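Geometric and topological summary
Each chain, written out:
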Amino acid sequence: IHPKESMAFQAEVKQLLQLMIHSLYSNKEIVLRELISNASDAADKLRFEAVSNGGLYEGDSELKIRIAFDKEARTVTINDNGIGMSRDEVIANIGTIAKSGTKEFFNALSGDQAKDANLIGQFGVGFYSAFIIADKVTLTTRRAGATTAVRWESAGEGDFTLEDADKTTRGTEIVLHLREGEDEFLSDWKLKTIIRKYSDHITLPIVMKKSEWKDGAEVATDEDETVNKASALWARSKNDITEEEYQEFYKHVSHDFENPLAYTHSRVEGKQEYISLLYIPGKAPFDLYDRDRRHGIKLYVKRVFIMEDAEKLMPQYLRFVRGVIDTSDLPLNVSREILQSSRDVDAIKAGSTKKILGVLEDMAENKPEDYKKFYAEFGRVLKEGPGEDFANKDKIAGLLRFASTKADTDVQEVSLKDYIARMQPEQDVIYYITAESFAAAQHSPHLEIFRKKGIEVLLMSDRVDEWLLGSLTEFEGKKLQSIAKGDLDLGKLESDTEKEIQKKIEEEAKTLVEKIKNSLGDQVKDVRVTHRLTDSPACLVSDANDLSGNLARMLKAAGQ
Ligand code: ADP
Ligand code: MG
C-alpha cells in the first residue's frame, strides 16, 4: 500500500507542457485524437501479450474505447480496456521522464509560434496534449492481470499526485476536467464529429451513448453506438478509402502532425502474403540519426499488432518510412529473434523496399516539387543506400541528387543522369570533388581548369558523401572520378597541342620541382607540375590510391 504522494515533473516535461498549451491552442481537436490513439495502442499491446497469456483478458476480450461527457461536472472521459499500466509504468510513461529527443526538440525551436506549433506536432504531442483543453486530468489505471490500480492526477503545472485506487475493470480511464471556455466539448455532436474526422481508422470500436433530442435539448440514452468504422484501414479495399482517411491514418501511425508526401498501399499474394501501407513523411523526425529512435513500421500478423520495428522491415537508408505491414506468413507468437532470421521477413523487407524506391522514382519523375522537398529532408539518409543495399544500388544511385558547378549553389538537384546527358562529347567520366563544406568544394583550386573548359563537376560536402563514393564507383557505365586525386588526365578533353605545351612546361620546370622537393622533404610524397590550375600557384593532391584529403580530415576529427 502506497500513501498518496506528490511527484515533480522533470524540468523538460514542464517546459514542454507550457509550450504545448500555448502554441497548440488552436488545434484542440487533436487532444481526442492523441488519447484515442493511446487507447488503441494499449489494446494492441494487450492483444499481443494475450497471445501467450490468455488470462490477461480476464474473461473480457471485446476490446473497445468508450467516450462520455458530463455537462454538470464539465468533464470528458476516455475509457479503454487495454493493457493498462502498473504504478511504475505510470511514473515512467507519463511522469517524470521526458521522451528521448526532448533536448534536440528544444534546440530546434525558433520562437516563432506558428513554426514551433508545427515542430511540436512532429515531436509527437501525445498524452500531455490533454492539458490543452483540461486544467486537471485524472487518470486511473489497472494493468491487465494486476489486482491493484493507481490514480494519477495533475493540473499540468509542476507536479502530479499518485495514489492507490479501486478499479475493477482492466485498462485506463482518463477524465478531462475542462478549462473555462472549453464547453464545446460537452456535446454529443461535437465529440462524434471529431472522432469521425480523426479516428475513423482506429481498429477498435469507439463507443458512445446514443443521444436524442428532447424538448430542444440533447439527452443521452442508455443505448450504445459505435461511432467509427472500426475496421483495419489497411485491410480495406483502396476504392473504399478516401484521401483524408489515408492521411489521418498516417498521422496515427507516424505521430506526425502534417500530411505525408506520398504513400503506397498494396496487397501481395502468392509466395508471400501481406498487405503493406507505407508512407513517406514530409518532414524528418528529430531522431532520424538517433540509434534509439522509437518509430518505424508497425508489424501486424492477421490484424494483431506484434511490434513496431525500426530495423527488420526496412533498410536503414529508408528508416524514415512509416506505416503498417500485415502478414499471414508469420506465427502470432513471433519474437524478435524469429524476425531476425526469418526468410519471410527478408522477402517482405525486399518487396517493401522495392515499393518505396518505386514511389520515389515516380515522385522524382512526375512530382519534381515534392521530390525536392523529400530530398531536402531525406537525401542524406538515402545516400547511405548504395553502401547498404547492393541489390538496389543502381536504383538508389538514380535517385540521388548533387550540387554541381553548373548551378554553383548548394542545392542538391543534379541527378547522375542529368550530368551524363550534359557531358562533353569527349568526356567519359563523372567528375566530382569532396570537401568538408560546400564553400570549400566550390572554391577549390582543383576546379579551375574544369571551370575554364566548361566541364561540370559535382560538389560533394555531406559527411555521408565519402561513404557513398566508397561504394558508388560508377553509374550507367561511367566511372566517378575525383578531380583532387592523382594525376589529372583529362584524356580526350585535351587537344594534342595542349599536351605538347604541357610536356614542354614540365621539362622546363624540372629544376624548380627538384628544389621544392628538397626543401619540403618528408612532408610530401611528391611534387609535380600540374596543369589543373589556372589561377592558383599550387595545390595539394592525394595519391590516386590514398584516402582523399577530406576523408583523412574526417578520420582525424573522429580520433582515428
Ligand atoms: P506515445 O503514444 O508516443 O508513446 P504518449 O505521450 O501519447 O506518447 O504516451 C506516453 C506513454 O504512456 C505511452 O507510450 C504508453 O506507454 C502510456 N500510455 C498512455 N496512454 C495509455 C493508455 N490509455 N493505456 C496504457 N498506456 C498508456
Ligand atoms: Mg500517444
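Since the structure is predicted, the reported quantities are computational estimates derived from the model, not experimental observations. (Residues numbered from 1 in each chain as written. Chains lettered and ligands numbered in written order. Predicted model: local features only at pLDDT ≥ 70, side-chain atom pairs only at ≥ 80, totals over all residues. Heavy atoms only, no water.)

A few words on the overall build of the chain. Helix and strand counts for the chain stand at 18 helices and 19 strands. Residues counted as buried form 50% of the 560 residues belonging to the chain. The long-range fraction of contacts in the chain, counting pairs at least 24 apart against all pairs at least 6 apart in sequence, stands at 71%. Taken as a whole, the chain presents about 27,600 Å² of accessible surface, with 49% of it coming from carbon and sulfur. (Helix = DSSP H or I, 4+ residues; strand = E, 2+ residues; numbered from the N terminus. Buried < 20%, exposed > 50% of the residue type's maximum accessible area, 1.4 Å probe, protein only. Contact = heavy atoms within 4.5 Å. Areas by Shrake-Rupley, 256 points an atom, 1.4 Å probe, with all protein chains shown as cover.)

One can find Thr147 in the loop between strand S4 (134-142) and strand S5 (149-154). On the basis of relative accessible area, Thr147 is assigned to the exposed category, the value being 75%. On a C-alpha basis, the gap between Thr147 and Thr168 in space is 8.4 Å, while along the polypeptide they are 21 residues apart.

Here the focus is the packing of helix H9 (residues 343-366) against helix H10 (residues 368-382). Put simply, H9 and H10 touch, their axes get as near as 8 Å, and they point 135° apart. By the angle between their axes, H9 is oblique relative to H10. For the element pair H9 and H10, the recorded crossing hand is left-handed. Counted together, Leu360, Met363, Ala364, Glu365 and Asn366 of H9 and Pro368, Asp370, Tyr371, Phe374 and Leu382 of H10 form the full contact between these two elements. Residue classes in the contact of H9 with H10 are distributed as 7 nonpolar, 1 polar and 2 charged. (Axes fitted to C-alpha atoms, helices over the stretch in contact; angles between N-to-C directions. Parallel < 35°, antiparallel > 145°, perpendicular 65-115°, else oblique. Left-handed = near helix turned anticlockwise from the far one by under 90°. Nonpolar A, V, L, I, M, F, W, Y, C, P; charged D, E, K, R; others polar.)

Here we take up the site of ligand 1. Taken together, 13 residues lie around ligand 1, and Asn38, Asp80, Asn93, Gly126 and Phe127 are the ones closest in. The separation between an oxygen atom of ligand 1 and a polar side-chain atom of Asn38 is 2.8 Å. One of the side-chain N or O atoms of Asn93 is found 3.0 Å from an oxygen atom in ligand 1. Look at ligand 1: alone it shows 530 Å² of surface, and the protein chains cover 89% of it. Mapped onto the shell around ligand 1, the elements with two or more residues apiece are helix H2 (30-52) and helix H3 (87-94). The greatest single-element share of the shell around ligand 1, amounting to 3 residues, is contributed by H2. (Near = heavy atom within 4 Å. Polar contact = N/O pair within 3.5 Å; in protein donor to acceptor, adjacent residues only side chain to side chain.)

Before going further, it helps to examine the pattern of salt bridges. The final tally for this structure, using the stated rule, is 37 salt bridges. Lys298 is the salt-bridge partner of Asp41, the closest N and O atoms lying 3.6 Å from each other. In this pair, Asp41 is assigned in helix H2 and Lys298 in strand S12 (residues 297-301), connecting sequence segments 257 residues apart. Since its relative accessible area comes to 16%, Asp41 is described here as buried. Two residues, Glu384 and Arg319, come together in a salt bridge whose shortest N-O distance is 2.9 Å. Here Glu384 is found in the loop between H10 and helix H11 (385-388), whereas its partner Arg319 is found in the loop between strand S13 (304-309) and strand S14 (322-327), with 65 residues between them in sequence. In this structure Glu384 comes out as buried when scored by relative accessible area, which is 17%. Judged by relative accessible area, Arg319 falls into the buried class, the value being 6%. Residues participating in the shared-partner salt-bridge network are Lys28, Glu29, Glu182, Glu184, Lys190 and Lys197. (Salt bridge = Lys/Arg side-chain N within 4 Å of Asp/Glu carboxyl O.)

Once that is clear, we can look at the packing of H2 against helix H6 (residues 188-199). Where H2 contacts H6, the axes come no closer than 9 Å and their chain directions differ by 65°. Note on packing geometry: the crossing formed by H2 with H6 is right-handed. Contacts from Leu32, Arg33 and Ile36 of H2 reach H6 at Leu191, Ile194, Ile195, Tyr198 and Ser199. Partitioning the contact of H2 with H6 into residue classes produces 6 nonpolar, 1 polar and 1 charged.

Turning our attention to the sheet that holds strand S11 (residues 274-280). One open sheet holds the 5 strands; their spatial order is S10-S11-S14-S12-S13, and the pairing between them is mixed. The open sheet has two free edges, formed respectively by strand S10 (262-268) and S13, since each of these has just one partner strand. Here the average twist between neighbouring strands, direction ignored, is 15°. Pairing of S10 with S11, which is carried by 7 bridges, proceeds in the antiparallel orientation. Following the sheet pairing, Ser266 is matched in S11 by Ser276. Together, S12 and S13 form the strand contacts of H2, whose direction differs from that of S13 by roughly 105°. (Pairing = 2+ DSSP bridges.)

Here we come to H9. The end-to-end C-alpha distance of H9 is 34 Å, a good match for the 34 Å that 24 residues give at a rise of 1.5 Å each. Measuring from the side-chain oxygen of the N-cap residue of H9 to the backbone nitrogen of Asp344 gives 3.2 Å; that N-cap residue is Ser342. (Expected span 1.5 Å × (residues − 1).)

Membership of the largest hydrophobic core comes to 69 residues, with the highest contact counts inside it found for Phe320, Leu360, Tyr371, Phe374, Leu382 and Leu458. Broken down by element, this core gets its largest block of residues, 8 residues, from H9. If near-sequence neighbours (up to four positions away) are discounted, Tyr371 is found in contact with Leu360, Met363, Ala364, Leu382, Leu399 and Arg401. Leu24, Ala43, Ile83 and Ile206 belong to the second-largest nonpolar core, a separate cluster that totals 61 residues. (Core = buried A, V, L, I, M, F, W, Y, C linked by side-chain atoms within 4.5 Å.)

In the structure shown here, the tally under the stated rule is 5 cavities of 30 Å³ or more. When its volume is computed, the second largest cavity comes out at roughly 80 Å³. Taken together, Ser40, Asp44, His201, Ile202, Thr203, Trp234, Phe249, His252, Val253, Tyr300 and Val324 make up the lining of the second largest cavity. For the lining of the second largest cavity, the secondary structure elements donating two or more residues are H2 and helix H7 (243-254). For the lining of the second largest cavity, the leading source of residues is H7, giving 3 residues. Partitioned by chemical class, the residues of the lining of the second largest cavity number 6 nonpolar, 4 polar and 1 charged. (1 Å grid on protein atoms, 1.4 Å probe; cavity = no way out; pocket = protein on both sides within 12 Å on 5 of 7 lines; lining within 4 Å. Points joined across faces, edges and corners; volume = space filled by probe spheres on them.)

Turning our eyes to something else, we now look at the environment of Thr434. Along the polypeptide, Thr434 turns up in strand S16 (residues 429-434). Among the polar contacts made by the side chain of Thr434, one reaches the side chain of Glu466 at a distance of 3.0 Å.

Our focus in this paragraph is the sheet that holds strand S19 (residues 478-482). Across the sheet, 5 strands lie side by side as S15-S17-S16-S19-S18; this open sheet has mixed pairing. One side of each edge strand has no neighbouring strand; the edge strands of this open sheet are strand S15 (403-404) and strand S18 (474-475). Looking at chain direction, S18 and S19 are connected through 2 bridges and run antiparallel. Looking at the pairing, Phe475 lines up with Lys478 of S19. Its contacts with the sheet place helix H16 (residues 463-471) against S16, strand S17 (458-460) and S19, and it is angled at close to 145° to S16.

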